[in-house]
Amino acid sequence: DTYKINCVLTANHGDIPEPIESRLDVFDIRDPSKEESKIIAQSVWHDVCEKELPSTHPFSLTLSEDILEIITSISPRIMRKVLTTAAGKATLAAQADGFVPSETQKLSITIEHLRLAIAKYQYQTGFVADPEIQLLACMTEIMVEAEFK
């Protein structure tokens, strides 16, 4: 008796075998427009700032138009990872330059930080089939490079 079972299936393409598809309600979801992608990216950035960065983080809560233009080329699925990585790269670069953020002077992600984050993600994705293994490799890399006091 399985009539009460509900589930959601997802697919990246519409090549679902007919015996399965006949039992489903299929919804085609379009990609977001460029303007919708900008709104999504800004929302993801706010979420990263609130949930993943320390409460005293030095970043502006608003992404620049240049950053938004570039990030719209990325799938919303990976925006969080790319923005978090870019924030880390911006922080390391600022520390190396001796930058001290204040209430009036905030740290920003630059196009260079974003491109490096995107390139690293795309490169790693080409070699790793399992995202969890990729995350483990990333965490291991951070631990190896970190200087613990």
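Residues numbered from 1 in each chain as written. Predicted model: local features only at pLDDT ≥ 70, side-chain atom pairs only at ≥ 80, totals over all residues. Heavy atoms only, no water.

A. Broad picture of the packing of aromatic side chains. Scanning the model with the defined rule gives 1 aromatic pair in all. Seen from their ring centres, Trp45 and Phe59 are 5.6 Å apart, and the 90° between their planes marks the pair as edge-to-face. Here Phe59 lies in the loop between helix 2 (34-51) and helix 3 (65-71) and Trp45 lies in helix 2, a separation of 14 residues in the sequence. Phe59 sits in the buried class, given a relative accessible area of 4%. (Phe/Tyr/Trp six-rings, centres within 6.5 Å; stacked < 30°, edge-to-face > 60°. Helix = DSSP H or I, 4+ residues; strand = E, 2+ residues; numbered from the N terminus. Buried < 20%, exposed > 50% of the residue type's maximum accessible area, 1.4 Å probe, protein only.)

B. Region of interest: the nonpolar core. One finds Trp45, Phe59, Ile71, Leu83, Ile109 and Leu114 to be the most contacted residues of the largest nonpolar core, which totals 22 residues. The set of elements that each furnish at least two residues to this core consists of helix 2, helix 3, helix 4 (76-97) and helix 5 (111-125). The element that contributes the greatest number of residues to this core is helix 4, accounting for 6 residues. In this structure Leu83 touches Ala41, Val44, Trp45, Leu63, Ile71, Ile109 and Leu114, once residues within four positions along its chain are discounted. (Core = buried A, V, L, I, M, F, W, Y, C linked by side-chain atoms within 4.5 Å. Contact = heavy atoms within 4.5 Å.)

C. View of the environment of Pro32. Residue placement: Pro32 occurs in the loop between helix 1 (18-21) and helix 2. A residue is classified by how much of its surface remains accessible, and Pro32, at 30% relative accessible area, is partly exposed. Setting aside residues up to four positions removed in sequence, Pro32 forms contacts with Ser37, Ile40 and Pro76.

D. Representation of the pattern of salt bridges within the structure. Evaluated as defined, the whole model comprises 8 salt bridges. Notably, a salt bridge pairs Arg30 with Glu36, separated by 2.9 Å at the nearest N-O pair. You can call Arg30 exposed: its relative accessible area is 56%. Using a relative accessible area of 30% as the deciding quantity, one classes Glu36 as partly exposed. Close ionic contact of Lys38 with Glu65 constitutes a salt bridge, the shortest N to O distance being 2.5 Å. Of this pair, Lys38 sits in helix 2 while Glu65 sits in helix 3, placing them 27 residues apart in sequence. (Salt bridge = Lys/Arg side-chain N within 4 Å of Asp/Glu carboxyl O.)

E. How the structure looks around helix 4. Its 22 residues give helix 4 an end-to-end C-alpha distance of 32 Å, which sits within 8% of 32 Å, the value for a rise of 1.5 Å per residue. Among all positions of helix 4, only Met79, Val82, Leu83, Ala86, Ala87, Ala90 and Ala94 are buried. One side of helix 4 holds all its buried residues, which, seen down the axis, span an arc of 145°. Residues Arg77, Leu92, Gln95 and Ala96 are exposed on helix 4 and point more than 90 degrees away from its buried face. Of the residues flanking the end of helix 4, it is Gly98, one or two places downstream, whose phi is positive at about 80°. (Expected span 1.5 Å × (residues − 1). Arc of directions from axis to C-beta.)

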